[in-house]
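# A look at the structure
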Amino acid sequence: MAARNWIFAVAVFLSLSTFSSAQDLQIVNAERRIDLSSHIVKAFLTLKVENIGKDPAADMLLAFPPTQIKNLAMVQALAVMGKKKKKNYLPLDVKPSEQPDAPNDAGYFLVSFATPLGPGETVTLEVLYILTHSLEPFPVEITQSESQLVYYRDSAVVLSPYRIKQQTTFFKTPSTRVESFTSVEPANRAGKEIKYGAYEDRVPYSYAPVIVHFENNSPFAVVEELVREIEISHWGSLQITENYRLTHGGARHKGVFSRVEYQSRRSISGSSSFNALLAVLPPRVNSVYYRDDIGNISTSHLRTGFKKSELEFEPRYPLFGGWKATFIIGYRVPLEDYLFEAPDGRRYLNFTFGCPLVETIVNKLTLKVVLPEGSKDPSAVLPFAVNQDLQVKYSYLDIVGRTVVVLQKDNVVPTHNVPFQVYYTFKPIYMLAEPLMLVSAFFFVFVTSLAYVHIDLNIVKK
Amino acid sequence: MAAVESLPPGTPSAMRNAFGTVLSALILVLIGVLAFSIRLFSVIKYESVIHEFDPYFNYRVTQFLSKNGIYEFWNWFDDRTWYPLGRVIGGTVYPGLTLTAGTIWWVLNAINIPLSVETVCVFTAPVFSAFASWATYLLTKEVKGSGAGLAAAALLAMVPSYISRSVAGSYDNEAVAIFALIFTFYLYIKTLNTGSLFYATLNAIAYFYMVCSWGGYTFIINLIPMHVLLCIVTGRYSPRLYIAYAPLVVLGTLLAALVPVVGFNAVLTSEHFASFLVFIIIHVVALVYYIKGILTPKMFKVAVTLVVSIGLVVCLIVVAVLVALVASSPTGGWSGRSLSLLDPTYASKYIPIIASVSEHQPPTWPSYFMDINVLAFLVPAGIIACFSPLSDASSFVVLYIVMSVYFSGVMVRLMLVLAPAACIMSGIALSQAFDVFTGSIKYQLSSKSKDDAEDNTSTKNAPKDDASSGKADKGEEVAKERLSKKGKKKEREPAEKPSVKSKIVKKKALVLPLEASIVALLLLIMLGAFYVIHCVWAAAEAYSAPSIVLTSQSHDGLHVFDDFRESYAWLSHNTDVDDKVASWWDYGYQTTAMANRTVIVDNNTWNNTHIATVGTAMSSPEKAAWEIFNSLDVKYVLVVFGGVIGYPSDDINKFLWMVRIGGGEFPHIKEADYLRDGQYRIDSEATPTMLNCLMYKLCYYRFVETDGKGYDRVRRTEIGKKHFKLTHFEEVFTSHHWMVRIYKLKPQKNRIRGRVKKLKQKTSSGVSSKSVKKNPWM
């Protein structure tokens, strides 16, 4: 098989470049389950790592091919502690890493063990990584009555700088309709699952490209740009405004859109389109609105709950492949749920990062935290790297302007919906600045008019 | 009250005056709040959104102004509309409204109040209706005192006719123009009463603002000369009249010529000639009065005969020149809309495009009751009150109401000009009636209770009447004298004193029995209550729908039809930014504003031929229509279709205008071809031309598949032709309730191949007929 020859060629080429740490570790067993059921590809990788060197190893590398590294939204690793019944997971520190002699522009993530791995010891790691924009529609354009077929390209074997003794890979497709998949023996398909492996004893940087061509009609909701603005008012509320630019990221719609077919034959017509979205909002949310540039959109439904609120809404029109829509969601939450005072006297906002829409990819997320006028020394604390910036915004009757902490991150998936904190110092006396200003302005107006009425400006006495 | 009055004059009366001033100021503030808040029904029931058609254009212009600044605005050539002609917006739009809203927006943002342009636009009209009611107060106060002023202001704050044009979101020229109109009239009357050049200058500036705001300024520049003429004819000429009029004409015309859309029209068109004619007359009259003042009566008579004979000759020459000038222009120098005002049948005869607009139709009787309600009954009483006594000011409002009644009878839209006049008249009537009734009640009560002090009553009655009718008036007067310190007292008093005196004299005669007055008072209050109820109902139910979103109340709750915005949003996000969209002109403004796409025609109907082209395309068969649209570079065609949900103002119902306007320019479209028994029908009786025209096809394409038989809910009939295919257009979007359907022009067929094929067929057939031998490769 051509593919197999190629793998060996790559393997031989890659094995020439060696790493000091790569020699010390080996992976005893690797099991990878790739979930292709939505457009966010989730890969669960279970690695059993053994230290075969002489020195304790403090960290290990995870390698990703260059096509994946740019679509990689998130990598998380957990160390499995304890035995079967009393299993618990310890989150490990994962950060991107540069290797000077990386073959073929492969990307790396460095996983630091909780405790250095002694010689001969093994540890089991659970790695989750999430890929976006990795399902390529084929055919690229479909009509209203067709369903959407996509390619997924990956390797049958796990790309790793370490030798892997034994490994299997499972692809889970959303339906049983699989047009084709590359066969790398042993590979077979059962129902919604395609199994590659088990493969024995692969050298470092083994690679076996596979293509899976299957049906995926899940909503490819991609937010091209999301700007969330969180405005803190110490008068008791947090106003959140979210500007969405949504697009259908799947196969482009071709030709006619027939409403009569869309309405009467809903099951087969426009199966890859979507017209309903779900946003998970905080509990105790109030004053929710949903609109766009030209006014209110009336198709939404809010359910409030104790743990979360759910906003079910429809864009103005159903979204077919390549169609776009923009809208704004705004809401208000009580301040006391999210603003706290740190032990050192500073205040901090504790809010959720990411996009409230369920199962969507955000290509570019800008989160702006507008601090009240007069606050100082802002600093943001996040569990992952983002671009940070400071701006000034002038809102109602501001004079010096409000400090805005701008957090910007690309390629955001729902797993990024984790709390973050923004610390700042604020003196409550500033709260009175604007009311006092108004009062003095009115006072001034009345005093002037009083004076004007009582002063005689006539030159000639009457 | 009696106790206060019996006290010696001095502090208590000053207190009373101050109290009256504060009270009327408070009432005015409340009236302003009322005027503003009664117009918010649309925001509360629907949403804060711009309404209808023209406001969308104004909104778009305001957006442009706020983004690019005033200089860019004057030079704005809009290439998004009237493709491929474009439109010079800066030179063809009345800029008053947009400049006003733009200034408000700019000021608010300068003090860091970040309201959006849309919000400012939505609330401009309610704010200005508060201003308008204050202006009405001022105007009526000048005519009949502050009691009448307050009543008129309260009436105007909620008159349905004005509400219909100024609800929140109705961002149209009329929103600010009515305020400008009333305020200009107020300043004119004020100048007339005071003779102050200061007010005359202000008047010219107010007139300038009116010219900026609305084409209806011609009403002012014709009404005021008429009033001046009336005053002169009735022998009421005074220097005050001269001060009130001459500066207005000179300054006003100069200022009006500054507005690009008016420009030299301010001296060239017939609408303005009346003012110049009266300008000449008032100078002649002023000269005559001056000469009369310096000559002895005998000499004067001689002079008159001399001047009249020469003057007549000069006048004849001038008139002849004017007539020749006017006659040389085809429409006699009048614009189409003005002509249709003078001759109500003009538009329907010559300009179908003006006639096709529903607001240019004459109103029906019920619409008077709907729009001004009980004011219609109070107006005659007000007119009578204005005649007793007749002053310069009251003769002006009488003239105003007479003229506006005529104009409102011609065009339903001008009901709006009638409304302030009706409010002023009714305010005067109500206030006078209340004066009489409360006065006689007081008189009867005091005469009953104080039988013993009979001599007191007569002395008391006079000051009391004076106080009750003009108490706030007097208070105002005192305050004003203190405030402005212009020493107008001298001019004012001679004008005022006789009227006050005559009032007192008349009041004494008008003492009614106690019971009758109480009953009449109650009836008046009931009338007022009925008016308020009607106004609130009109504001809440009749005039608040934004017309871009429709609602219907069904058994399972409110149902919203938001199809227009659905399809505009679709156009704006899913078509190329330079694509051209063809639709009937009604939807032009909305398409450019909401979908940001280039349109062929829009609601500014300046080019009849262009509109006729679109009308022709819509009424042509598919292929011919495709060719017309393709020649205009059109990519999408948008039609509005109400047959699924029963929305009556759709394109099929407007179709007769498309045929009529199209046929007016392109004679191959004949209205008779679309008519069966004089009616536009789309059922099985419809003519073949009708069933094959583009509009029919685009509206009813695949309509039959919705219910199986193609039942049109607007026309209440099954459609004539049910199953057909489109060859040159393809459906690209249909909104949820089918109200808007968008089609794309199919690309041109590959011409070379088609021609070769045809040629081949022809040659082959030709060959086969001539010789049996065939080329085996063909």
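Remember, it's a predicted structure, so these values are computed and weren't measured experimentally. (Residues numbered from 1 in each chain as written. Chains lettered and ligands numbered in written order. Predicted model: local features only at pLDDT ≥ 70, side-chain atom pairs only at ≥ 80, totals over all residues. Heavy atoms only, no water.)

### Quick look at helix 12 (residues 217–233) of chain B
Residues and elements named next belong to chain B. Here helix 12 contains 17 residues, and its C-alpha end-to-end distance of 25 Å stays within 8% of the 24 Å for a straight helix at 1.5 Å per residue. The buried fraction of helix 12 is high, at twelve of 17 residues. Among the residues of helix 12, those classed as buried are Tyr217, Thr218, Phe219, Ile220, Ile221, Leu223, Ile224, Pro225, His227, Val228, Cys231 and Ile232. In the core, the buried residues of helix 12 are packed alongside helix 10 (173–194), helix 11 (197–213), helix 13 (239–256), helix 15 (273–294), helix 22 (392–410) and helix 23 (415–449). In the stretch just after helix 12, Gly235 is the one whose phi turns positive, near 70°. (Helix = DSSP H or I, 4+ residues; strand = E, 2+ residues; numbered from the N terminus. Expected span 1.5 Å × (residues − 1). Buried < 20%, exposed > 50% of the residue type's maximum accessible area, 1.4 Å probe, protein only. Contact = heavy atoms within 4.5 Å.)

### A closer look at the pairing of strand 13 (residues 187–190) of chain A
All names here are of chain A. In this sheet, strand 14 (residues 193–202) lies alongside strand 13 in antiparallel orientation, the contact comprising four bridges. From the neighbouring strand, Ala190 faces strand 14, where its bridge partner is Glu193. Taken together, strand 13 and the strand that follows it, strand 14, pair antiparallel across an intervening segment of two residues, in which Gly191 is found at a positive phi of about 60°. (Pairing = 2+ DSSP bridges.)

### Digging into the confidence of the model for chain A
Across chain A, the average pLDDT comes to 86, with 94% of residues at 70 or higher. Residue range residues 1–5 of chain A is modelled with pLDDT below 50. Its contacts to residues more than four positions away, or to other chains, number two contacts. (pLDDT = per-residue confidence, 0-100.)

### Brief notes about the domain arrangement of chain A
Interface size is commonly expressed as the accessible area that is lost once the parts come together. All names here are of chain A. With domains assigned, chain A is organised as domain 1 (25–215) and domain 2 (221–433). On a C-alpha basis, the centroid separation for the pair domain 1 and domain 2 is 31 Å. Surface buried jointly by domain 1 and domain 2 totals about 2,000 Å² across both partners, of which 52% is contributed by carbon and sulfur atoms. By the criterion of area lost to domain 2, the three top residues of domain 1 are His39, Glu141 and Gln144, representing 33% of everything that side buries. Summed over the shared surface of domain 1 and domain 2, the number is two salt bridges. One salt bridge in this structure joins Arg252 and Glu141, with 3.6 Å as the shortest N-O distance. Applying the counting criterion to the domain 1 and domain 2 interface returns ten residue pairs in polar contact (both at pLDDT 80 or more). (Domains from an automatic or database assignment. Buried area = accessible area lost by both parts, 1.4 Å probe. Salt bridge = Lys/Arg side-chain N within 4 Å of Asp/Glu carboxyl O. Polar contact = N/O pair within 3.5 Å; in protein donor to acceptor, adjacent residues only side chain to side chain.)

### Concerning the state of the cysteines
Residues and elements named next belong to chain B. Going through the model one piece at a time under the given rule, you end up with zero disulfides over all chains. Unpaired in this structure, Cys212 has its nearest cysteine sulfur neighbour in Cys121, at a distance of 17 Å. Here Cys535 is not cross-linked by a disulfide; its sulfur's nearest cysteine counterpart is in Cys423, at 8.4 Å. Using a relative accessible area of 0% as the deciding quantity, one classes Cys535 as buried. (Disulfide = S-S within 2.5 Å.)

### Some points on the interface of chain A and chain B
Counting from both sides, the interface comprises 35 residues of chain A and, opposite them, 31 residues of chain B. A buried area of about 2,900 Å², summed over both sides, lies between chain A and chain B, and 51% of it is on carbon and sulfur atoms. Among the residues chain A hides against chain B, the three largest losses belong to Arg259(A), Val260(A) and Ile294(A). Together they make up 22% of the total. As a salt-bridge pair, Arg316(A) and Asp562(B) come within 3.0 Å of each other at their nearest N and O atoms. Taken together, the links from chain A to chain B amount to 20 residue pairs in polar contact (both at pLDDT 80 or more). At the level of secondary structure, the elements contributing two or more residues to the side of chain A that touches chain B comprise helix 4 (259–264), strand 20 (286–292), strand 21 (295–296), strand 24 (324–334) and helix 5 (433–454) of chain A. For the side of chain A that touches chain B, the leading source of residues is helix 4 of chain A, giving four residues. Residue composition of the side of chain A that touches chain B, by class: 14 nonpolar, ten polar and eleven charged. (Nonpolar A, V, L, I, M, F, W, Y, C, P; charged D, E, K, R; others polar.)

### Details of the confidence of the model for chain B
Residue and element names in this part refer to chain B. Residue-level pLDDT values for chain B average 82, and 84% of them are 70 or greater. Across residues 454–507, confidence stays below pLDDT 50; counting only partners more than four residues off in sequence or on other chains, it has 66 contacts. Under the prediction, the complex receives an ipTM of 0.87, its pTM being 0.85.

### Focus on the sheet that holds strand 7 (residues 636–640) of chain B
Residues and elements named next belong to chain B. A sheet is described by the order of its strands in space; here five strands give the open sequence 6-5-7-13-12, paired in mixed fashion. With partners counted over all chains shown, the strands left at the sheet margins are strand 6 (598–599) and strand 12 (729–734), one partner each. The pairing of strand 5 (residues 580–582) with strand 7 spans two bridges and is parallel. Each residue of the ladder has a partner; that of Ala582, found in strand 7, is Val637. Running over the sheet, helix 27 (residues 563–574) touches strand 5, strand 7, strand 12 and strand 13 (740–745) and is turned about 25° from strand 13. (Axes fitted to C-alpha atoms, helices over the stretch in contact; angles between N-to-C directions.)

### Topic: the side chain of Asn203(B)
Residue and element names in this part refer to chain B. Following the sequence through the fold, Asn203 ends up in helix 11. Among the residues examined, Asn203 registers a relative accessible area of 0% and is labelled buried. In this view, Asn203 contacts Thr184, Leu187, Tyr188, Thr191, Ala244 and Leu248; residues no more than four positions away in its chain are not counted.

### Quick notes on the UniProt feature "transmembrane region" (unreviewed entry) in chain A
UniProt feature "transmembrane region" (unreviewed entry): in the numbering of this structure it lies at residues 436–455 of chain A. With 95% helix and 0% strand, residues 436–455 of chain A has its two end C-alpha atoms placed 28 Å apart. (UniProt positions renumbered as here; feature names shortened; annotations may be inferred.)

### Side note on the packing of helix 4 (residues 54–74) of chain B against helix 7 (residues 117–144) of chain B
Residues and elements named next belong to chain B. The geometry of helix 4 relative to helix 7 is characterised by a closest axis approach of 10 Å and an angle of 130° between their N-to-C directions. Classified by the angle between their axes, helix 4 and helix 7 sit oblique to one another. The chirality of how helix 4 crosses helix 7 is right-handed. Contacts from Tyr59, Thr62, Gln63 and Ser66 of helix 4 reach helix 7 at Val117, Glu118 and Cys121. Residues of the contact of helix 4 with helix 7, tallied by class, amount to three nonpolar, three polar and one charged. (Parallel < 35°, antiparallel > 145°, perpendicular 65-115°, else oblique. Left-handed = near helix turned anticlockwise from the far one by under 90°.)

### Observations concerning the environment of Pro91(A)
Residue and element names in this part refer to chain A. Structurally, the position occupied by Pro91 is in strand 5 (residues 88–97). Between the C-alpha atoms of Pro91 and Phe113, which are 22 residues apart in sequence, the distance is 9.4 Å. Here Pro91 is in contact with Ala77 and Leu78, once residues within four sequence places are set aside.

### Concerning the packing of aromatic side chains
Counted under the stated rule, the structure contains 64 aromatic pairs over all chains. Cluster of aromatic residues (ring-pair linked, three or more members): Phe257(A), Tyr262(A), Tyr317(A), Phe320(A), Trp323(A), Trp570(B), Tyr636(B) and Phe733(B). Over the ring of Phe733(B) we find Arg259(A), and its NZ or CZ is 5.7 Å from the ring centre. Directly above the ring of Trp657(B) sits Arg660(B), whose terminal nitrogen or CZ lies 5.0 Å from the centroid. (Phe/Tyr/Trp six-rings, centres within 6.5 Å; stacked < 30°, edge-to-face > 60°. Lys NZ or Arg CZ within 6 Å of the ring centre and 35° of its normal.)

### Description of the side chain of Thr403(A)
Residues and elements named next belong to chain A. Locating Thr403 in the fold gives a position in strand 30 (residues 402–412). Overall, Thr403 belongs to the buried group, its relative accessible area being 19%. The contacts of Thr403, once residues within four sequence positions are left out, are Val369, Val370, Leu371, Ser375, Pro378, Leu390 and Gln391.

### Side note on the sheet that holds strand 23 (residues 309–313) of chain A
Residues and elements named next belong to chain A. Strand order in this open sheet of three strands is 19-23-22, and the pairing throughout is antiparallel. Looking at strand neighbours, the two that pair on one side only are strand 19 (277–281) and strand 22 (300–303), the edges of this open sheet. Taking the axes of each pair of neighbouring strands and ignoring which way they run, one obtains an average angle of 15° across the sheet. Inspection of the sheet shows strand 19 paired to strand 23 by five bridges, in the antiparallel sense. Within the sheet, the bridge partner assigned to Leu278 lies in strand 23 and is Glu312.

### Remarks on the pattern of salt bridges
Tallied over the full model, the rule gives 50 salt bridges over all chains. Between Asp586(B) and Lys654(B) there is a salt bridge whose closest N-O contact spans 2.7 Å. In this pair, Asp586(B) is assigned in the loop between strand 5 and helix 28 (588–595) and Lys654(B) in the loop between strand 7 and helix 31 (655–665), connecting sequence segments 68 residues apart. Here the two residues Asp586(B) and Lys654(B) agree in accessibility, since each one is buried. A cluster of three or more residues bridged by salt bridges with shared partners is formed by Glu229(A), Glu231(A), Lys393(A), Asp398(A) and Arg402(A).

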